[in-house]
Amino acid sequence: MQRLKNFASLLSSDLYKLMRMKSVYIGIGVMIFLTMIIALAQNALTDLLNSLPEDGSPLDPSEVDAVTGTFLFTMLNGAPSSSGVFFLMPIIAALFIGSDFSSGMTRLFVGRGVSKTELYISKYITLSLLSVIYVCLSFAMCAVAAKASEVSEEALSSLFSYTASAFGAQIFLAFTLAAIYTAVCFSMRSKAASMATLIAMLIILGDVLVMVVQISLAMLTTGTDVTGKFVYMLFDPYYCADAFASASVFTPQEAGIAYGGCAMWLVLFFFGGLLLNAERDVK
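These numbers come from a predicted model, not from an experiment.

How each quantity is defined
- Per-chain numbering applies: the sequence of each chain, read as written, is numbered from 1 onward.
- In keeping with the predicted nature of the model, local features appear solely for residues at pLDDT of at least 70, side-chain atom pairs appear and are counted solely at 80 or more, and the whole-chain, interface and lining totals rest on all residues.
- Just so you know, side-chain values use all the structure's heavy atoms and leave hydrogens and water out.
- Put simply, DSSP marks the helices as runs of H or I at least four residues long and the strands as runs of E at least two long, and each gets a number from the N terminus on.
- Each residue is assigned to one of three classes by its accessible area relative to the maximum for its type, calculated with a 1.4 Å probe on protein chains only: buried under 20%, partly exposed between the two thresholds, exposed over 50%.
- Contact between two residues is taken to exist if any of their heavy atoms lie within 4.5 Å; hydrogens are not considered.
- All accessible areas in this document rest on Shrake-Rupley with a 1.4 Å probe, and a residue is counted as covered only by the protein chains that are shown.
- The arc in question is the one traced by the directions running from the helix axis out to the C-beta atoms.
- Patch rule: a residue counts if its relative accessible area is over 30% and it has no salt bridge; like charges are joined within 9 Å, and nonpolar side chains (Val, Leu, Ile, Met, Phe, Trp, Tyr) within 5 Å.
- When a carboxyl oxygen of Asp or Glu lies within 4 Å of a side-chain nitrogen of Lys or Arg, that pair is called a salt bridge.
- Only buried residues count toward a nonpolar core. Its members are Ala, Val, Leu, Ile, Met, Phe, Trp, Tyr and Cys residues joined through side-chain atoms within 4.5 Å.
- By convention, a stacked pair of Phe, Tyr or Trp rings (six-membered ring in the case of Trp) has centres within 6.5 Å and planes under 30 degrees apart, an edge-to-face pair has planes over 60 apart, and any other such pair is tilted.

Engineer: Quick question: what am I supposed to make of the overall build of the protein chain here?
Structural biologist: Secondary structure summary: the protein chain contains 13 helices and 2 strands in total. Residue burial in the protein chain is summarised as follows: out of 283 residues, 45% are buried. Sequence separation of 24 or more characterises 80% of the internal contacts of the protein chain that already satisfy a separation of 6 or more. Carbon and sulfur atoms provide 69% of the accessible area of the protein chain, an area that totals close to 14,000 Å².

Shown next, in the form of structure tokens:
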């Protein structure tokens, strides 16, 4: 019972520390800014399409909705990517965990009887909570931006029909990525190294790898079944950050690969990082 009270006190301390970090609020400001930029760009695109003549007359509203709908779909149902959540979280995680090692707080906690396992789990819970809050805020911001767009109610209704599934999938992904952030930061134990590693993972696994696989499949196939092989990219949680926008229309195979892959990485990184941290000395 006393152990549980001590852990609750540690978790409260981590949450309080996170609430006092300026980077958390700067991150929210960045999310608002990015959402506003995307919303303004969407409205500018709609105005441009409405002003384009076709045989002397403006485009049909349904044609405008079809073009801008794709733009809005990506913004709304891929809200965490649109507002930069998965770019901001690695930075905050590196600062949050790395500062404890650089300031000697981790050694102090361990010296007072707090186990390294409790330290690790507390940090994971704290980062998971912030990730979930950021995901919720990103969807709220993008939903407001979508509602304010110059798109018909019918088109908006169609876009929002995907949102509930996308939101649930992105929440699940937030826990997976929090496990990755925690494991990497505890392994590196340095703000700069952790930040560089996590951002490199985001770029390499989220952009470079996807591009390489797409090019490879296009070169190795005759154009008949590229998507059939590409589906295994759903094992990549960084690719899922965008793919989960269409979670509601996943096939059973796609859902199994995507959710199963995220669950696998969550378990591997959480317990792998936990075990590695338990074996290392606190410096």
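Engineer: I would appreciate a short explanation of helix H8 (residues 153-160) in the present structure.
Structural biologist: At 3.6 residues per turn, the α-helix brings residues three or four places apart onto the same side. Of the residues making up H8, those classed as buried are Ala155, Leu156 and Leu159. Buried residues in H8, looked at end-on, bunch into an arc of 100°, giving them a common side. In this structure, H8 carries Glu153 and Glu154 as exposed residues pointing more than 90 degrees from its buried face.

Engineer: Honestly, a nonpolar patch on the surface in this entry has me stumped. Any pointers?
Structural biologist: A contiguous nonpolar surface patch, about 500 Å² in accessible area, is contributed by Ile203, Ile204, Val208, Met211, Val212 and Ile215. Within the secondary structure, Val212 sits in helix H10 (residues 191-220). In this structure Val212 comes out as partly exposed when scored by relative accessible area, which is 41%.

Engineer: Can you help me understand the nonpolar core in this one?
Structural biologist: As a rule of thumb, nonpolar side chains are buried together in soluble globular proteins. Core analysis: the biggest nonpolar cluster contains 70 residues, and Phe86, Leu127, Tyr134, Tyr181, Leu234 and Phe244 have the highest contact counts within it. Per element, the largest residue contribution to this core is 14 residues, and it comes from helix H9 (residues 163-188). If sequence neighbours within four positions are ignored, Leu234 has contacts with Tyr239, Cys240, Ala243, Phe250, Glu254, Ile257 and Ala258. Counting residues in hydrophobic clusters, the runner-up holds 5 residues, among them Phe7, Leu10, Phe109 and Val114.

Engineer: Looking at this model, I keep getting lost on the packing of aromatic side chains. Mind explaining?
Structural biologist: Think of a pair of aromatic rings as described by two things: how far the centres are apart, and how the planes are tilted against each other in angle. A full pass over the atoms with the stated rule returns 12 aromatic pairs. Ring geometry for Phe139 and Phe167: centres 5.3 Å apart, planes at 85°, overall edge-to-face. With Phe139 in helix H7 (residues 116-147) and Phe167 in helix H9, the pair connects residues that are 28 residues apart, well separated along the chain. For Phe139, a relative accessible area of 6% translates into the label buried.

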